[in-house]
Amino acid sequence: MTFRDELSVTLSKVEPGASPSSAADDALQIRRVPLGGSAFSQALQQGRVGGSWYAPRPVTPAAWAAHIAAVRESMQQTDWLTALAPAFATTGAAAERLAQAAARGVVVTTGQQPGLFGGPTYTWTKALGALAFANELERQTGVPVAPVFWAASDDADWAEAAVTHVATARGLLTASLAGPATEGVALSDVPLGSLAAARTVLAAACGSTAHPSVLELVDAAYVPHATIGAAYVQLLRALLEPLGIAVLDASHPALRMAADGFLRRALKQAPAVHEALRARVQEVEQAGFSPQVDVVDGLSLVFRTQTVDRQGEVQRERERVPLGDASTAAREAERGTLGANVLLRPVLERSLLPTVSYCAGPGEFAYFAQVEPVARALGVAVPVVTPRFACEVLESEMLARQQRLGIADADLRDPHAAERLVARSQLDETVADSMERLRVALETQVGAMRDVVAGDDAPVADEVVQGLARDLSHRIDRFERRVLSGVKRLEHETMRDVAAIRAAVRPNGQSPERVLNLVPLLARYGVSVLERIREAAVPHARELVSGPHVSA
């Protein structure tokens with residue numbers, strides 16, 4: 001059975017609004033978590049600063065209906081789907097929803113730059129959260145709403161795209177592309193190269209695979225001759241389209257051609273855009289924060305891709321167009337060679353699609369504070385942004401092990417705290433008691449010594465006695481660490497459990513959503529995991545449409 005067949009069977013058994021029943025229901029827990037982010041992002045999310053830096057976001061179904069009508073009116077004369085159809089290349093449920101949106105509806109968007117084997121879990125939670133949001137908007141307003149994932153395959157961040165992390169029984173492992181690394185080259189132009197080592201790491205994390213169709217999709221997309229961007233888009237489409245989520249390839253020539261006029265306009269107005277951004281940076285700094293995206297003096301927000309010769313090797317590289325060259329580039333650049341940077345991209349998207357909202361991660365939400373002046377300077381619609389759904393997909397077995405060992409999430413953020421905690425719990429009670437009595441005796445005797453030598457005629461200064469106390473305490477601490485190290489060696493299996501728990505629950509001290517690849521869990525527990533994430537996102541979607549009072 002293929003992946004699409006498996007997913008179709010799963011979804012056919014699910015009533016609208018209900019989650020599928022499967023073995024994964026007991027084996028996995030999906031835990032909603034705060035979006036988080038920097039102090040600046042959280043202040044913005046909570047409305048404590050920068051209320052005027054964003055387009056007003058509707059907070060009731062009626063307000064959303066009015067906003068949807070306004071967006072549709074603004075795109076009334078635009079056949080956006082025909083122009084972008086090759087860049088969508090949608091099939092099945094995604095194609096149906098997109099067609100309905102083009103005929104009489106709108107879209108909700110989210111997106112992410114390429115990551116190896118799909119990248120971190122938040123790639124999928126962003127997409128599925130957007131799906132839940134689109135479904136809720138459609139239910140509340142009666143207007144077709146299609147979820148769209150903007151796959152930023154035109155991004156050039158090789159370092160981020162070349163690695164992914166997986167949790168294994170031995171702890172956290174990293175899968176990496178062999179390279180060589182590239183700089184300034186769109187990931188849609190960078191071949192994957194050898195994948196043998198990375199695929200071996202992924203296989204180790206998948207273990208005994210109950211759903212091999214998922215890995216078949218990975219292997220079909222990630223082949224050496226494919227580019228990083230193309231492989232990413234292919235895997236996303238294979239997994240998301242059956243759920244009704246359309247994937248837009250940002251590097252596709254059809255999108256580049258559709259965006260060309262807007263990007264030339266952005267070049268012509270680059271000085272005004274730059275001044276508007278500088279003014280916003282000053283506002284952010286006056287509020288006590290640093291802007292999410294640095295504004296580089298002398299550079300526009302538009303990239304230009306050109307063919308260059310690097311020591312006999314011809315390749316396409318993209319560079320930001322200098323402000324001084326912006327007018328010339330607007331006149332002379334070949335069609336399809338221009339692209340938008342991170343602050344211009346949301347404005348470009350809103351000009352190409354009937355987008356009612358972008359579902360943003362914490363960093364994105366923060367940089368949207370700098371998007372508003374860009375749109376204003378260009379005289380176009382300011383895109384609306386909503387905070388995305390965030391969750392952790394956790395194996396019940398790992399959570400049970402964590403509870404059995406008495407380890408809190410906070411202990412796992414420290415590189416060694418959990419190991420020390422477990423090692424202490426493994427100490428023989430007699431040894432632990434003797435250690436504690438030694439500390440008490442030291443404190444008592446040092447206190448007595450201070451009393452004896454106290455006074456104006458004391459033979460030594462009080463600081464000397466305090467130094468002795470610190471020295472003796474330090475020696476006891478060293479002795480305890482050696483005892484604990486011995487326990488660690490003796491309890492190797494337990495410590496291996498700690499490593500596995502940390503990798504699954506707090507990899508690199510962070511939420512697994514931000515670090516771990518989701519493919520191993522999909523391979524073990526099947527496609528119902530995706531639908532369960534979508535179902536877990538429903539309360540968040542209801543809060544976005546109708547307010548937090550309906551979240552229960």
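One structure accompanies this document, and this report is about it. (Residues numbered from 1 in each chain as written. Predicted model: local features only at pLDDT ≥ 70, side-chain atom pairs only at ≥ 80, totals over all residues. Heavy atoms only, no water.)

1. A short note on the environment of Q140
Reasoning step 1: In this structure, Q140 sits in helix 7 (residues 122–141).
Reasoning step 2: Judged by relative accessible area, Q140 falls into the partly exposed class, the value being 30%.
Reasoning step 3: Those residues within four positions of Q140 in sequence are excluded, and the remaining contacts are P61, V545 and S546. (Helix = DSSP H or I, 4+ residues; strand = E, 2+ residues; numbered from the N terminus. Buried < 20%, exposed > 50% of the residue type's maximum accessible area, 1.4 Å probe, protein only. Contact = heavy atoms within 4.5 Å.)

2. Notes on the pairing of strand 6 (residues 246–249)
Reasoning step 1: Side chains A246 and L248 project from strand 6 onto one buried face, and the interleaved V247 and D249 project onto a second face that is buried too.
Reasoning step 2: Across 4 bridges, strand 3 (residues 145–151) lies against strand 6 in parallel orientation. If you follow A151 over to strand 6, its bridge partner there is D249. (Pairing = 2+ DSSP bridges.)

3. Considering the side chain of D249
Reasoning step 1: Tracing the backbone shows D249 in strand 6.
Reasoning step 2: Of the side chains with opposite charge, R237 lies nearest to the buried D249, which makes no salt bridge, at 5.2 Å.
Reasoning step 3: A polar contact is formed between the side chain of D249 and the side chain of S153, at a distance of 2.4 Å.
Reasoning step 4: Leave out the neighbours within four places in its chain, and D249 touches A87, A151, S153, V233, R237 and L255. (Lys, Arg positive; Asp, Glu negative; His and termini not counted. Salt bridge = Lys/Arg side-chain N within 4 Å of Asp/Glu carboxyl O. Polar contact = N/O pair within 3.5 Å; in protein donor to acceptor, adjacent residues only side chain to side chain.)

4. Points about the sheet that holds strand 3
Pairing between the strands of a sheet is mediated by backbone hydrogen bonds and can be parallel or antiparallel.
Reasoning step 1: Spatially, 5 strands are ordered 6-3-2-10-11 in an open sheet, and the strand pairing comes out parallel. Each of the sheet's edge strands pairs with one partner strand only, and the pair in question is strand 6 and strand 11 (385–387). Ignoring strand direction, the axes of neighbouring strands in this sheet form an average angle of 30 degrees.
Reasoning step 2: The strands touched by helix 4 (residues 61–74) within the sheet are strand 2 (106–112), strand 10 (355–360) and strand 11, with strand 10 carrying the most contacts at an inclination of about 115 degrees.
Reasoning step 3: Sheet strands in contact with helix 6 (residues 92–104) are strand 2, strand 3 and strand 6, and its direction is about 115 degrees off that of strand 3. (Axes fitted to C-alpha atoms, helices over the stretch in contact; angles between N-to-C directions.)

5. Details of helix 4
Along an α-helix, residues three or four positions apart point the same way, because every turn accommodates 3.6 residues.
Reasoning step 1: For helix 4, which comprises 14 residues, the first-to-last C-alpha distance of 20 Å matches the rise-based estimate of 20 Å (1.5 Å per residue) to within 8%.
Reasoning step 2: Within the sequence span of helix 4, burial applies to W64, H67, I68 and V71. Each buried residue of helix 4 sits inside an arc of 105 degrees when the element is viewed along its axis, so together they form one side. In helix 4, those exposed residues whose orientation departs by more than 90 degrees from the buried face are A62 and E73.
Reasoning step 3: Looking at the buried positions of helix 4, the neighbouring elements they touch are strand 2, helix 7, helix 15 (345–352), strand 10, strand 11 and helix 27 (538–546). (Expected span 1.5 Å × (residues − 1). Arc of directions from axis to C-beta.)

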